[in-house]
Amino acid sequence: MQSSPPRHFARALGLSLAACVATTPALSAQSAPTTPRPITAADISAWKSLRGATLSADGAWFGYTQAPNEGDAEVVLRQTSATGTVRRYAVGEIPAGASPLQLSTDGKWAAMLVYPKAAEQKRLRQQRRPVQSKALLVNLATGEQREFERVRRIAFAGDAPKYVALQAYGPDAPASGGAGGAGGPAPGAPGMGGNAPGGGAARVEGTDLLLHELGTSAVFNIGNVADFAFDEKGRWLAYTIDAREQVGNGVQLRELATGVVKSLDAGKALFRRLAWSDTAASLAYLKGTADSAGTDTTWTAAGVSRVGSPAQRAVSVGAGTTVALPNGMEVSPDRTPRWLEAQDALLIGLRVAAPPVPKAEQLEDDDRPTLILWHHKDARLQSMQLVQEQADKGFSFMATYLPATQKVVQLTDASVRTATIGVRDDLLLGSDNSAYERQASVDGIQRRDVYLINARTGEKTLVKKDARSQAQLSPDSRTVLFWDDGHWQAYDVATKATTNITKSAPVSFVDTEDDHNVDRPPTQVVGFSKDGKSVLLQDNYDVWRVNLAGSGYTNLTVDGRAKRIRYSRRIVTDARERGIDLTKPIYMVAMQHLTKKEAFVRLDPAKAGAVVLSGWRDARLAPVKARDAEVWVGSIQTSARFPDWWRVSFANGTLADSVRLTDANPNMNGVAWSPGSRLVSYVTEKGDSLQGALYLPAGYQEGKSYPTLTFIYELQSDNLNSFYSPTYSSSPNALIGVHTSRGYAVFLPDIVYKLNDPGMSAVWSVVPAVKAAIKTGIVDSARVGLHGHSWGGYQTSFLVTQTNIFKSAVAGAPLTDMVSMYSSVYWNTGGTNQGIFQSSQGRFKGNFIENKDAYERNSPNRFADKVKTPLIIMHDDKDGAVDFNQGITYYNTLRQLNKDVILLEYVGENHGLSQLRNRRDYSQRLMEYWDSYLKEQPAPEWLKNGIPRLKMDEHLREQKKKLDAKKIAM
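The model shown is predicted, which means the values in this text are computed figures rather than measured ones.

Draft legend 1. Spatial organisation of the overall build of the protein. The number of helices and strands found in the protein is 16 helices and 54 strands. Taking 970 residues into account, the globule formula puts the C-alpha radius of gyration at 30 Å, and the protein, at 30 Å, falls close to it. With the C-alpha coordinates of the protein rotated into their principal frame, the extents come out at 80 × 70 × 65 Å. Buried positions account for 55% of the 970 residues belonging to the protein.

As structure tokens, this is what we get:
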């Protein structure tokens, strides 16, 4: 269950460039062995994925990490030319979330973190020894390598780097190892510490920093470095010193060309949060000084503007300076200071200065009551305040320090607490939800008053009161765009006039396909034009250029609505852009709504219509352009083709050639694989025309029917050409590749909703969908299973009370009583479920008192006596999204009624299964369950009779043996 489900979320998963299909060898089934075998546990563990794909700015080199689900990974570097060099490097078992590879922007160097192998990491952890990475530096032209031991962070100096910095581990590195990655978070960055509890000094964070001159043997060792940062051009290296007893602490600056080092600041203090300006060589940082008692630290924000120029100037504000701060405020250590673009002001954070509590008045833990006081006037539930407690403690107000006038201007306050600074740094877009926050927790409608804030005066100008959608400030800071009363409105910053810019448009920009209980939700904003005169809007199909002055509408794509083509995914070719340059081509990925074919297209803003560059393909597309060159790469993905990457190029508006860049799973590991997928069209019981994606089983033969698993959520047919790599997961869709390999067809039908009837809507959509799938001849009507998780689990638990079309079912983390669920807490966020029911997935009007019949007629537990389908409920005791009580009470009700029901509870897990051991166990049990009911194979003991608690350890050992011995086809 999600609090804000994305619309058409499947369309956001496009991952491939199918233009390569016609000119390259087949990638999967055609080259597979003649007798492929069903996938096994060993195959799942060894199955590789591609991570962190990166293209150098000049497009000459492409790099990625190729890693199995379990085990050791490798980094692959290759030139993008047809005869390009390919280099492979073993990098051990990489930590979750780590990004081991970095390419220098100029495409001359690669750097990567190399971790111990999986077996060695296991041994180190058993010995409680640290797991540490080393760095490997590669000259891409020559292949020359250089290793640096015990390195945890790497960074190249600028776009055309002459140096690389490598930061070492400290002597007391944690036993669990680090996962900072190549260019990972710096010490003292948010989430990395920097202050001890109560504001006192933290542990010493300084370690050796190696500065290596690329292409030479020169290495400079700088000791006790806590944080470091290169300026954008790679001329300067700034770093902070953090030594024992704070001896020699400070901020130092090294000019890389000369090697000259200067001290910018020094003292017995902490120096944190280095930040270079994006547009000039100007640096900002924080300086913290402990009080005499050592119990608190006060902070100063400091900056040096225009480093190295005659106009270089150092400024500071906060503790120890004479600059007056707003009454009761002090500089916050939790916001990184930075220079505004004009270099005339420093953006800083302020927090309320908390007076120290005398030691005699401090409560010891033994004396502190464990009270949580819930009050009806609380704007946020106490549960939400608990979840957000650390964020609240680190909250800071935004302010600017103006050195010329020695003034500090507070920008946000107790009412307008949040703001986003514009691209040009002169204005902020702020919001005040204080008047609506409590009500939003009930009805889910996010209201706010929108303000413009002058970054130098703090003056606030009300733009829109009671705004219902997120406002946007144009890159040139001349226009605020917001949605109101079913139209896009443009607020002119200079004149303070608001213009309804879509009132006279020939189409509506209301998202009519959004079936949530929301009043006229908007469609997608593609982006503002660079010249500030227009905005590109999508109407669910076409892309329109709309004049911000309120007149003038140009359909750039022309045929979207007429041909049911969705032009919805723009490809950003330069992350540094400030608005869309309408003098240059615009690139997008488009999808034919009725066929799911995709194409890579180019729009010429001066001409109407889209130029199809790739042809319409039965595939998913993800093209990427090199930042500084006309070099394109992309991946190709269908339900039967792994999303490998290719280089593609275009001549005269058509595909000219392609070069294969990756081959992650040659021959698909020799396993049986689905030959493809088909669309199934159907009409719901309420007359809606929908589609479903039907994945064929491995070895499919025309005219033969197969056991079929139906996976449900909301809209899923856009996944028709998605490839599902084998894995262990509690998510049904993640296991599609596993199921099809083992001879199952898998069906993903779309569901649309009628207000006040989410459960019945599933019945009205899914039952006709399954009947339509049966009519294809592929689905065996006597062997259809049903599986859903979270919201899909709710729909599953409801469907089995209304139909007997399914032979067996699995409901993961299901809502089962809409009345009690309505007023319960979404513990992962601490908020109530009330807004989810009224404005999000629930789709109810009002609460269960005002709308009692609707809540009850859509509650599975009210119809438990009607269940005839065998059901497994998977629900975990620490579920913070759907309370465990929803699953256990449904289980107890069904058990009392002597229904065929099993509850799988994984202790300590949340809304899904995070631990590999649990994912493996759950996946194995599902296979045994489906095989028993849909393939008539003998049921295992746990499924037939259950397992007594005292025999559980023995049972779990036997289950593990099945996986370890690879005896069960997964």
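Draft legend 2. Geometry of the nonpolar core. Grouped together as the largest cluster of nonpolar side chains are 57 residues, with contacts concentrated most on Leu799, Leu815, Met818, Phe837 and Tyr890. Ranked by the residues each element gives to this core, the list is headed by helix α8 (residues 758-775), at 10 residues. Counting residues in each nonpolar core, the second largest holds 41 residues, with Ala640, Ala664, Tyr744 and Leu904 among its members.

Draft legend 3. Structural view of the pattern of salt bridges. Taken as a whole, this structure holds 53 salt bridges when the rule is applied. Between Arg380 and Glu437 there is a salt bridge, with its nearest N and O atoms 4.0 Å apart. Separated by 57 residues along the polypeptide, Arg380 in the loop between β22 (346-352) and α3 (382-387) and Glu437 in helix α5 (residues 437-443) bring together distant segments of the chain. With a relative accessible area of 24%, Glu437 lands in the partly exposed category. Salt bridges sharing partners connect three or more residues here, namely Asp159, Asp574, Arg576, Arg627 and Asp628.

Draft legend 4. Spatial organisation of the packing of helix α14 (residues 916-934) against helix α16 (residues 952-964). The N-to-C vectors of α14 and α16 enclose an angle of 85 degrees; their axes lie 11 Å apart at closest approach. By the angle between their directions, the pair α14 and α16 is classed as roughly perpendicular. Contacts between α14 and α16 involve Arg920, Asp921, Gln924, Arg925 and Glu928 on the former and, on the latter, His955, Leu956, Gln959, Lys962, Leu963 and Asp964. Each residue belonging to the contact of α14 with α16 can be placed in one class, and the counts come to two nonpolar, three polar and six charged.

Draft legend 5. Here's a closer look at the packing of aromatic side chains. Here the structure, examined in full by the defined rule, presents 29 aromatic pairs. When the ring of Tyr587 is compared with that of Phe600, the centres are 5.7 Å apart and the planes differ by 25 degrees; the resulting orientation is stacked. Pair noted here: Tyr587 is in strand β38 (residues 586-592) and Phe600 is in strand β39 (residues 598-603), with a separation of 13 residues, a long-range link. Across the pair, exposure class does not vary: Tyr587 and Phe600 are buried alike. Centroid distance Tyr753 to Trp791: 6.4 Å. Interplanar angle 50 degrees. Geometry classified as tilted. Of this pair, Tyr753 sits in the loop between β48 (745-749) and α8 while Trp791 sits in helix α9 (residues 791-802), and the two are 38 residues apart along the sequence. As far as the burial class goes, Tyr753 and Trp791 line up, both buried. An aromatic cluster is present here, built from Tyr753, Trp791, Tyr794, Phe798 and Phe863 joined pairwise through their rings. The side chain of Arg417 reaches across the aromatic face of Phe395, ending 3.9 Å from its centre. Here Arg925 stacks its cationic end above the ring of Trp942, 5.2 Å away from the centre of that ring.

Draft legend 6. Spatial organisation of the sheet that holds strand β18 (residues 297-305). As summarised here, the arrangement of the four strands in space is β16-β17-β18-β19, forming an open sheet in which the pairing is antiparallel. Each having just a single partner strand, β16 (270-276) and β19 (313-318) make up the two edges of the open sheet. Strand-to-strand twist of the sheet, defined as the mean angle between neighbouring strand axes without regard to direction, takes the value 20 degrees. As judged from the six bridges shared by β18 and β19, these two strands associate in the antiparallel manner. Each bridged residue has a counterpart across the sheet, and for Ala301 the counterpart in β19 is Val317.

Draft legend 7. Representation of the sheet that holds β48 within the structure. Read across the sheet, eight strands follow the order β45-β46-β48-β47-β49-β50-β53-β54 without closing on themselves; strand pairing throughout is mixed. Looking along the sheet, the strands with just one partner apiece sit at the ends: β45 (677-683) and β54 (901-904). Looking at each pair of strands side by side, their axes are set apart by 20 degrees on average, direction ignored. Bridge analysis of strand β49 (residues 779-789) against strand β50 (residues 808-812) gives five bridges, and the strand direction is parallel.

Draft legend 8. Focus on unusual backbone geometry. With a phi close to 55 degrees, Asp485 is a non-glycine residue in the positive phi region. You can see Asp485 is positioned in the loop between β30 (479-484) and β31 (487-492). Residues other than glycine seldom take positive phi values, yet Val558 does so here, at roughly 70 degrees. Summarising the element assignment, Val558 is placed in the loop between β36 (553-555) and α6 (560-563). Classification of Val558 as partly exposed rests on a relative accessible area of 46%.

Draft legend 9. Representation of empty space enclosed by the protein in the model. All told, the structure shown has three cavities of 30 Å³ or more when counted by the stated rule. Its volume calculated, the second largest cavity comes out at about 40 Å³. Lining the second largest cavity we find Ser639, Trp673, Ser674, Tyr695, Ser722, Tyr724, Ile736, Gly737 and Thr740. In terms of residue count, the dominant contributor to the lining of the second largest cavity is helix α7 (residues 736-741) (three residues). Residue composition of the lining of the second largest cavity, grouped by class: four nonpolar, five polar and no charged.

Draft legend 10. Up close: the environment of Asn756. Along the chain, Asn756 turns up in the loop between β48 and α8. A relative accessible area of 16% means that Asn756 is categorised as buried. Sequence-distant contacts of Asn756, that is, excluding residues within four places in its chain, are made with Arg843, Phe844, Lys845, Asn851, Ala854, Arg857 and Asn858.

Each value, and the rule that gives it
- Residues numbered from 1 in each chain as written.
- Predicted model: local features only at pLDDT ≥ 70, side-chain atom pairs only at ≥ 80, totals over all residues.
- Heavy atoms only, no water.
- Helix = DSSP H or I, 4+ residues; strand = E, 2+ residues; numbered from the N terminus.
- Rg over C-alpha atoms; globule rule 2.2 N^0.38 Å.
- Buried < 20%, exposed > 50% of the residue type's maximum accessible area, 1.4 Å probe, protein only.
- Core = buried A, V, L, I, M, F, W, Y, C linked by side-chain atoms within 4.5 Å.
- Salt bridge = Lys/Arg side-chain N within 4 Å of Asp/Glu carboxyl O.
- Axes fitted to C-alpha atoms, helices over the stretch in contact; angles between N-to-C directions.
- Parallel < 35°, antiparallel > 145°, perpendicular 65-115°, else oblique.
- Contact = heavy atoms within 4.5 Å.
- Nonpolar A, V, L, I, M, F, W, Y, C, P; charged D, E, K, R; others polar.
- Phe/Tyr/Trp six-rings, centres within 6.5 Å; stacked < 30°, edge-to-face > 60°.
- Lys NZ or Arg CZ within 6 Å of the ring centre and 35° of its normal.
- Pairing = 2+ DSSP bridges.
- 1 Å grid on protein atoms, 1.4 Å probe; cavity = no way out; pocket = protein on both sides within 12 Å on 5 of 7 lines; lining within 4 Å.
- Points joined across faces, edges and corners; volume = space filled by probe spheres on them.

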